[in-house]
Amino acid sequence: GSEAPAPPHQCGNIALERRKREWLRQESVHRMTPPEIGVLEMRIYDVRAGLRPQFLDLMLGSLPIRQRDSLNFGIWSSLAGPCEQVIHLWGYRDLAERDRVRGQLKSDREWGDYIATILPMLQELQSIILTPLPRI
C-alpha cells in the first residue's frame, strides 16, 4: 500500500511546511573556514530586475578593496529561485572584529563610491550572522 504523507515538522508550536529550494552558481573561490574564524556573515542581495550582471561585475571588482580587511569565503548568484539574488560570505574572528572592519570601510572613500553606486541597484539586503559548527 501507499504510505500517508509525513506530517509537517513541529518546532515548538510552529509547523514547518514550506521548503525553499534554490540553485546557486559559484562566482568566486570557496575557502574552508579556518579555526580562528568564529563568525560568518552571509549577505543576501536582492538586485532590481535585470541589474544582476552589472551588480555582480561591480561586486567582484570591489573584492580587492573589501578583502584588505576580512576573508571572503565565496560569492554565489542564483540559478533558480529568486533570479536576481547574489549571496556572499565573510569571515571574522568575532563580532568586535566585524564591527571594526565595517567601521573602517565607512571611512574608505573608494568603498563609499562603490556603495553609492550599488545601493540604487538593490531591492533588499539581508545580513545573517552565523557561527561555524565545531570541528569533529
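In this report, the structure presented in the accompanying data block is examined. (Residues numbered from 1 in each chain as written. Predicted model: local features only at pLDDT ≥ 70, side-chain atom pairs only at ≥ 80, totals over all residues. Heavy atoms only, no water.)

**Some thoughts on the packing of helix H1 (residues 52-66) against helix H3 (residues 109-118)**
Packed helix pairs are characterised by how far apart their axes lie and by the angle those axes make with each other. At a minimum axis distance of 11 Å, the contact between H1 and H3 shows a crossing angle of 165°. Our classification of the angle between H1 and H3 gives roughly antiparallel. Judged by the sense of rotation from one axis to the other, the crossing of H1 with H3 is left-handed. Contact residues: Phe-55, Leu-58, Met-59, Ser-62, Ile-65 and Arg-66 in H1; Glu-110, Trp-111, Tyr-114, Thr-117 and Ile-118 in H3. Of the residues contributing to the contact of H1 with H3, the split by class is 7 nonpolar, 2 polar and 2 charged. (Axes fitted to C-alpha atoms, helices over the stretch in contact; angles between N-to-C directions. Helix = DSSP H or I, 4+ residues; strand = E, 2+ residues; numbered from the N terminus. Parallel < 35°, antiparallel > 145°, perpendicular 65-115°, else oblique. Left-handed = near helix turned anticlockwise from the far one by under 90°. Contact = heavy atoms within 4.5 Å. Nonpolar A, V, L, I, M, F, W, Y, C, P; charged D, E, K, R; others polar.)

**Focus on the side chain of Ser-77**
When you line up the elements, Ser-77 lands in strand S5 (residues 71-80). Its relative accessible area of 0% is what places Ser-77 among the buried residues. Among the polar contacts made by the side chain of Ser-77, one reaches the side chain of Arg-52 at a distance of 3.2 Å. (Buried < 20%, exposed > 50% of the residue type's maximum accessible area, 1.4 Å probe, protein only. Polar contact = N/O pair within 3.5 Å; in protein donor to acceptor, adjacent residues only side chain to side chain.)

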